[in-house]
Amino acid sequence: MLQHVLFIGFSAIYYSQSAANPQRRPHLFASLALQEAEGSRTVAHIRSAKATEIPVWLDEQMQRHISDEVRHAQIFTKAVEREGYFIDLDGEAAQQSLSSVGEASMRRYHQVDDLAVAPLPDLLASVLLAEELGVRGFRCILKALPDQLTATRAAIESVLQDEERHVRYLSDALHYFRSTAVVDAYRRDIESKMFNDLGKVLDFMTKPATERPSLVKPGQKPELSLV
Ligand SMILES: [Fe+2]
Ligand SMILES: [Fe+2]
């Protein structure tokens, strides 16, 4: 319980500080653009690898989920550009970020070379946890975002609505597969792993933005396409 509270508290501080600070905000939006694009690929991979086990109603939701995440990646890419930056996809930070989110991290977590080997409810449970974190993160960002960023705010509000729908259908799916216990076990496991890494998290949060590898460069690059 204490771990849960600390975990939620630290991520809230991280999202709020980054959204409020004009030096950190472009980096935050860039990291979200990469996560959303990777999230879309991960759900698409699960959907095709497990096609025979997925009922029609769930398949429809997953298909919609995949296109939602593509749209979210575009929204955050635009948000970075509105701040006067572009995402440096070739940089060290982008490469690091891509290996720490989405399918690569899920394969490591489930200790499999191919996600198709892991049971479908386990994979859905991991996606659900990521979606729950997204909902909490976007709520913090919206609270801390300066009022004058009206276009970015409206876009993130629409992202939040999608993420809330993702949480609902994935929760339904885990009930359908009678696997809600898997989610609780993963939640505890992931939070305790984060708790063990608290030193690293604190180090990251307190390091000035200029000393961290950045995902963005100043300037516009309108031809950039993540998806
Ligand atoms: Fe998303
Ligand atoms: Fe989502």
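It should be emphasised that the depicted structure is a prediction, and the values quoted were computed from it without experimental measurement.

Each value, and the rule that gives it
Residues numbered from 1 in each chain as written. Chains lettered and ligands numbered in written order. Predicted model: local features only at pLDDT ≥ 70, side-chain atom pairs only at ≥ 80, totals over all residues. Heavy atoms only, no water. Helix = DSSP H or I, 4+ residues; strand = E, 2+ residues; numbered from the N terminus. Rg over C-alpha atoms; globule rule 2.2 N^0.38 Å. Buried < 20%, exposed > 50% of the residue type's maximum accessible area, 1.4 Å probe, protein only. Contact = heavy atoms within 4.5 Å. Areas by Shrake-Rupley, 256 points an atom, 1.4 Å probe, with all protein chains shown as cover. Donors = N, O, S within 2.8 Å, 3.2 Å for Na, K, Ca; no water. Tetrahedral: all angles 85-135°; square planar, octahedral: opposite > 155°, others 65-115°. Phe/Tyr/Trp six-rings, centres within 6.5 Å; stacked < 30°, edge-to-face > 60°. Axes fitted to C-alpha atoms, helices over the stretch in contact; angles between N-to-C directions. Parallel < 35°, antiparallel > 145°, perpendicular 65-115°, else oblique. Left-handed = near helix turned anticlockwise from the far one by under 90°. Arc of directions from axis to C-beta. Nonpolar A, V, L, I, M, F, W, Y, C, P; charged D, E, K, R; others polar.

Draft legend 1. Fine view of the overall build of the chain. A count of helices and strands for the chain gives nine helices and two strands. Seen in sequence order, the chain has helices and strands lined up from the N terminus as α-α-α-β-α-α-α-α-α-α-β. In terms of C-alpha radius of gyration, the chain reaches 17 Å, essentially the compact-globule figure of 17 Å for 227 residues. Seen along its three principal axes, the alpha-carbon backbone of the chain occupies a region of about 45 × 40 × 35 Å. For the chain, with 227 residues in total, the buried portion stands at 46%. Within the chain, residue pairs in contact and separated by at least 24 positions form 80% of the contacts whose partners lie at least 6 positions apart. Looking at the chain as shown, the accessible area adds up to about 11,600 Å², and 55% of this sits on carbon and sulfur atoms.

Draft legend 2. A look at the coordination of the iron ion (ligand 1). Binding of the iron ion (ligand 1) to the protein goes through Glu36 (OE), Glu69 (OE), His72 (ND1) and Glu163 (OE), at separations of 1.9 to 2.3 Å. Every donor counted, the four donor atoms about the iron ion (ligand 1) form angles of 78 to 146 degrees at the centre, which fits irregular coordination. Each donor residue of the iron ion (ligand 1) lies on the same chain, and together they follow the pattern E-x32-E-x2-H-x90-E. A spacing of 3.4 Å is found between the iron ion (ligand 1) and the iron ion (ligand 2), which share glutamate 69 as a donor.

Draft legend 3. Looking closely at the coordination of the iron ion (ligand 2). At 1.8 to 2.6 Å from the iron ion (ligand 2) lie its protein donor atoms, namely Glu69 (OE), Glu131 (OE), Glu131 (OE), Glu163 (OE) and His166 (ND1). Of the residues examined, glutamate 69 reaches a relative accessible area of 3% and is grouped as buried.

Draft legend 4. Main features of the packing of aromatic side chains. Scanning all chains against the criterion turns up six aromatic pairs. A network of ring pairs unites the aromatic residues Phe29, Phe76 and Phe138 as a single cluster.

Draft legend 5. Main features of the packing of helix H6 (residues 120-144) against helix H8 (residues 180-196). Between H6 and H8, whose axes approach to 9 Å, the crossing angle comes to 55 degrees. In terms of orientation, H6 lies oblique with respect to H8. When the axes of H6 and H8 are compared, the crossing they make is right-handed. Every residue of H8 that contacts H6 at Asp122, Ala125, Ser126, Leu128, Leu129 and Glu132 is listed here: Val182, Val183, Tyr186, Arg187 and Ile190.

Draft legend 6. Examining helix H5 (residues 102-110) more closely. For H5, every residue scored as buried is listed here: Glu103, Ala104, Met106 and His110. Down the axis of H5, the smallest arc covering the buried residues is 165 degrees, so these residues share one side. Just downstream of H5 lies glutamine 111, where phi reads positive at about 55 degrees.

Draft legend 7. Region of the structure containing the packing of H6 against helix H7 (residues 150-176). The contact between H6 and H7 brings their axes to 9 Å, and the two run at 150 degrees. In this view, H6 runs roughly antiparallel relative to H7, as classed from their interaxial angle. Between H6 and H7 lies a crossing of left-handed hand. For the contact of H6 with H7, a count of residues per class yields 16 nonpolar, two polar and seven charged.

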